[in-house]
Amino acid sequence: MSAPEFADIVIIGSGIGGATIAASLADTGANILILEAGAHLPERAENRDQRAIFQRGFFRPKEFWYEAGGEPFNPGNYYNVGGNSKFYGAVLARYRRQDFEEIAHAEGVSPAWPFSYDELEPWYGKAEQLYQVRGALGQDPTEPAHSSPFPYPPVPDEPPIADVRARLKAKGIHPYSLPLGIDIDKWLTKGQTPWDAHPHVNDGKMDAETAALAAALKFPNVNLEINARVTRLETAADGTISAVHYLQAGAEKTLHAKTVILSAGAVQSAALLLRSANDQFPKGLANSSDQVGRNFMNHNSSAVLALSPTYINDSIYQKTFGFNDFYLSDGAGGPPLGNVQLLGRVSGKILKSSLPLLPEWLLNVVSRHAIDFYAMSEDIPHSESRISVDGERIVLQWHRTNWNAHLALVAKLKAVLREIGFPVVLSRAFDRRTPSHQCGTIRMGNDPDKAPLDTFCRAYDHANLYVVDASFLPTSAAVNPSLTIAAQALRVGAHLQAQR
Ligand SMILES: Cc1cc2nc3c(=O)[nH]c(=O)nc-3n(C[C@H](O)[C@H](O)[C@H](O)COP(=O)(O)OP(=O)(O)OC[C@H]3O[C@@H](n4cnc5c(N)ncnc54)[C@H](O)[C@@H]3O)c2cc1C
């Protein structure tokens, strides 16, 4: 075992949560150390090779989580500098104002946040600046008020996409330009592919590494240790976190820090707190509320592929608009259904990963006449939807909620697409192997009996422990999570600065 190290602030994980709070604390002069389990994604041919990415699972970690009954499955959860954002679709959306309030859904109630949209609004604006979001206001009736404009104009629709946007508008739908963290010219210079679910090195995607971590590492007081996997947190008699134990290149190391910020992602952060149970905290750290690991949410989502023999889709990236016409209600006064947005352009090579028996040439023909959407509905927090640990194993018991609302959203989307000239519309739901929007497992709240974290993400049980990643989200809304994680990370960072 090597000698202990010291830092003012240790941040565990360099995903959206960890990298963004590092950026916000960098100019304090504090000695900040980021411990990241993975390494930097290197430049390599596979980065733009869709057979490698989708058919061979080249980038998929060789990891298994377990269902409650013991069945293993291989989750698409990524461990590298920048975390899951290296693969993300870079849709950087705000929750709607109503998402901060209690919402009655078809199958339950989504609880109110401990603060309102107005509290997070300025931080959303700062996060949009940091992640250089491209977008447009005034197109989506559900878009909440912005006190600052998007820093850049929206990514343009390619002609076949503009055609479908116009067809939707003609039917009374309100398509809006997706808020995107992508420099499309730079991205296309490296290769003619979409960016969604494709790994990113430094080709124009604004991810946790290129947007936030790069800003933090400009400061000499901020350092990053890669291949450093934290295994356990230790507590002192007063309940503070006294030591961070991690493994690096086979060596066990220990670090002491005044402030510990846990940002390992909603599943790994919960697992680490549970695994760190000790005599004083037998249920795991930060867990006197018994909520650590519970309320796991992951969105109900489906890919929806619309086909027409007369429609030719020669777009490359496709992912430029969405619509929220069924977000706040089903359009007929009923409960909310969710968001619809374009997926990254699906090619024959990508389709073959789901339809291995069909030849790629046939799937290329299908793809040439198709446009693909992502339908996303809220997953409501449920105490039996949970992460637990069984020794080194992670057990995921995902109790999906609100599934019928999602089926209704997919049915509505299919009907709309048929109306605008796509006679064949197919759908496929994503399951637990795609935990991309995992959240909620260490939620924040005003009541220490019901939530492990206060509204600045500090653990009620440990004065120097903060959890800043998708875990803190009290609800999933039906919106991509990253911008909300980043906005709250900036808010927590400013709070810590004020306290120093
Ligand atoms: C294919 C795909 C597409 C997506 N598209 C979008 C999108 O368009 N818009 C959007 O908003 N969201 C999208 N998401 C989701 C988004 O990427 C995540 O919500 C977000 O990145 C979560 O950030 P995080 O900080 O919570 O955790 P993570 O990204 O999981 O980061 C956690 C970090 O901690 C590290 N770590 C884990 N355990 C340890 C440990 N024990 N010790 C040290 N380090 C550790 C990990 O290696 C990782 O770097 C997508 C995700 C995927 C996979």
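Look up: the structure comes first, before these words.
Residues numbered from 1 in each chain as written. Predicted model: local features only at pLDDT ≥ 70, side-chain atom pairs only at ≥ 80, totals over all residues. Heavy atoms only, no water.

Some points on the nonpolar core
The biggest cluster of nonpolar side chains holds 97 residues, and the ones touching the most others in it are Tyr131 and Leu233. Examining the composition of this core, we find that 8 residues originate from one element, helix α11 (residues 482-499), more than from any other. Discounting residues that sit within four places of it in the chain, tyrosine 131 has contacts with Ile16, Thr20, Tyr88, Leu92, Gly181, Met206, Asp207, Ala208, Ala211, Ala212 and Ala486. (Core = buried A, V, L, I, M, F, W, Y, C linked by side-chain atoms within 4.5 Å. Buried < 20%, exposed > 50% of the residue type's maximum accessible area, 1.4 Å probe, protein only. Helix = DSSP H or I, 4+ residues; strand = E, 2+ residues; numbered from the N terminus. Contact = heavy atoms within 4.5 Å.)

Concerning the site of the ligand
Taken together, 35 residues sit near the ligand, with Glu36, Asn84, Val91, Val230 and Ser482 positioned nearest. One nitrogen or oxygen atom from the main chain of glycine 89 is found 2.9 Å from a nitrogen atom belonging to the ligand. Valine 230 places a polar main-chain atom, nitrogen or oxygen, 2.9 Å from a nitrogen atom of the ligand. Protein contacts shield 95% of the accessible area of the ligand, which totals 1,000 Å² for the unbound molecule. (Near = heavy atom within 4 Å. Polar contact = N/O pair within 3.5 Å; in protein donor to acceptor, adjacent residues only side chain to side chain. Areas by Shrake-Rupley, 256 points an atom, 1.4 Å probe, with all protein chains shown as cover.)

Some remarks on the sheet that holds strand β3 (residues 65-67)
Hydrogen bonding along the main chain pairs the strands of a sheet, whether they run parallel or antiparallel. Spatially, 4 strands are ordered β4-β3-β17-β16 in an open sheet, and the strand pairing comes out mixed. What marks the edges here is a single partner per strand, and that holds for β4 (72-73) and β16 (386-390). Sheet strands in contact with helix α7 (residues 266-275) are β3, β16 and β17 (393-397), and its direction is about 45° off that of β16. (Pairing = 2+ DSSP bridges. Axes fitted to C-alpha atoms, helices over the stretch in contact; angles between N-to-C directions.)

Regarding the packing of aromatic side chains
Scanning the model with the defined rule gives 16 aromatic pairs in all. For the pair tyrosine 311 and phenylalanine 422, a centre-to-centre distance of 5.0 Å together with 75° between the ring planes defines the contact as edge-to-face. Of this pair, tyrosine 311 sits in the loop between β12 (300-307) and β13 (321-323) while phenylalanine 422 sits in the loop between α10 (403-419) and β18 (424-429), placing them 111 residues apart in sequence. Residue tyrosine 311 is classed as buried on the basis of its relative accessible area of 2%. Given the relative accessible area of 0%, phenylalanine 422 is considered buried. Over the aromatic face of tryptophan 123 sits the side chain of lysine 126, whose NZ or CZ is 5.6 Å from the ring centroid. Looking at arginine 229, its charged tip hangs above the ring of tyrosine 79, at a distance of 5.1 Å from the centre. (Phe/Tyr/Trp six-rings, centres within 6.5 Å; stacked < 30°, edge-to-face > 60°. Lys NZ or Arg CZ within 6 Å of the ring centre and 35° of its normal.)

Taken by themselves, the reported measurements are silent on function.
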